[in-house]
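The primary structure of each chain is shown beneath.
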Amino acid sequence: HSAVKTEIMRFILLGLQVAAACALRVPNSLLAAPAAASCNRRDVLSSGGAAAAAVVSGFSAPAFADGRKFYQTDSGIKYFDLKEGKGYSPFPGQIVILKYKSFLSNGQMYDSSEGPGRKVLAAVYKAKPPQLLPGWEEVIGDMKEGGTRVIQVPPELAYGDKGVCFENGDCLVPPNEKLQFELTLQRVALPPPEEPQKVFAKDGRSHHTEDNAA
């Protein structure tokens, strides 16, 4: 029975992830900056997404803080550390590698980097335009590699009054929803170097700018 239950839950979670990707028009994550979202439910239904809304409550958020010391930012984000890291903290422009679990205010998980077919998120910290939710960017700046932080994010720093909704009005993330995330900062990396700028001489040959300076 446990094996059957596991397969059912894998099927449901996969359907939920298809719904997430469809809703935001991105292949791997619900973490892009908030935007109006709608999609056709046909692909979601064929992948088990309809059942997900009813059954995914089996994946529930841990009790917030649970006796631990937690903090609150001026913008209203609450957070505490499940595990403190010992590596580097990110600077703007650096790439952060993150594992994550995402929960609605009722405790139901709606997305996870550990689900079938999913992977960790790689994004530029403080990119312009943003690649992460505002609530994430506010709290990961002082995290260190290897650390895990649980955060509660108000709607205006997540998906706001639009939520993540389908064309028929059903929503994966309802409008004005407070969300909870479990974030693990696995690694901080430098972005790849930019290509040297080229200039063209009168003979038509290209030269790198640093060569000209010399």
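The preceding data block contains the structure.
Keep in mind that this is a model prediction, so the values were computed, not measured.

Side note on the overall build of the protein
Item 1. A count of helical and extended segments in the protein gives five helices and eleven strands.
Item 2. Classification of the 214 residues of the protein by burial places 42% in the buried group.
Item 3. If you take every contact in the protein between residues at least 6 apart in sequence, the share linking residues at least 24 apart comes to 70%.
Item 4. Split by element, the accessible area of the protein, about 12000 Å² in all, is 52% carbon and sulfur.

Notes on the packing of aromatic side chains
Item 1. On inspection of all chains with the given rule, the structure shows three aromatic pairs.
Item 2. The rings of Tyr100, Trp136 and Phe181 are connected pair by pair, giving a single aromatic cluster.

As for the state of the cysteines
Item 1. One pass over the structure, following the stated rule, counts one disulfide.
Item 2. Residue pairing for Cys165: its cysteine sulfur links by disulfide to Cys171, the two sulfurs lying 2.0 Å apart. When the S-S torsion is 95 degrees, as for the bridge of Cys165 with Cys171, the disulfide is right-handed.

Conventions we followed
- Numbering of residues starts from 1 in each chain and follows the order in which that chain's sequence is written.
- Restriction of local features to residues with pLDDT of at least 70 applies here, the model being predicted, together with a cutoff of 80 or more for giving and counting side-chain atom pairs; totals for whole chains, interfaces and linings are based on all residues.
- With hydrogens and water set aside, each side-chain value is computed from the structure's full complement of heavy atoms.
- Secondary structure counts use DSSP, requiring at least four H or I residues in a row for a helix and at least two E residues in a row for a strand, with both numbered from the N terminus.
- Between buried and exposed lies partly exposed: a residue is buried under 20% and exposed over 50% of the maximum accessible area for its type, with that area taken using a 1.4 Å probe on protein chains only.
- Any two residues whose heavy atoms approach within 4.5 Å are treated as being in contact.
- In this description, accessible areas are obtained by the Shrake-Rupley approach with a 1.4 Å probe, and a residue is regarded as covered only by the protein chains that are shown.
- Aromatic pairs are defined between Phe, Tyr and Trp rings, using the six-membered ring for Trp, whenever the two ring centres lie within 6.5 Å; interplanar angles under 30 degrees are classed as stacked, those over 60 as edge-to-face, and all others as tilted.
- The disulfide definition used here is simple: a pair of cysteine sulfur atoms within 2.5 Å.

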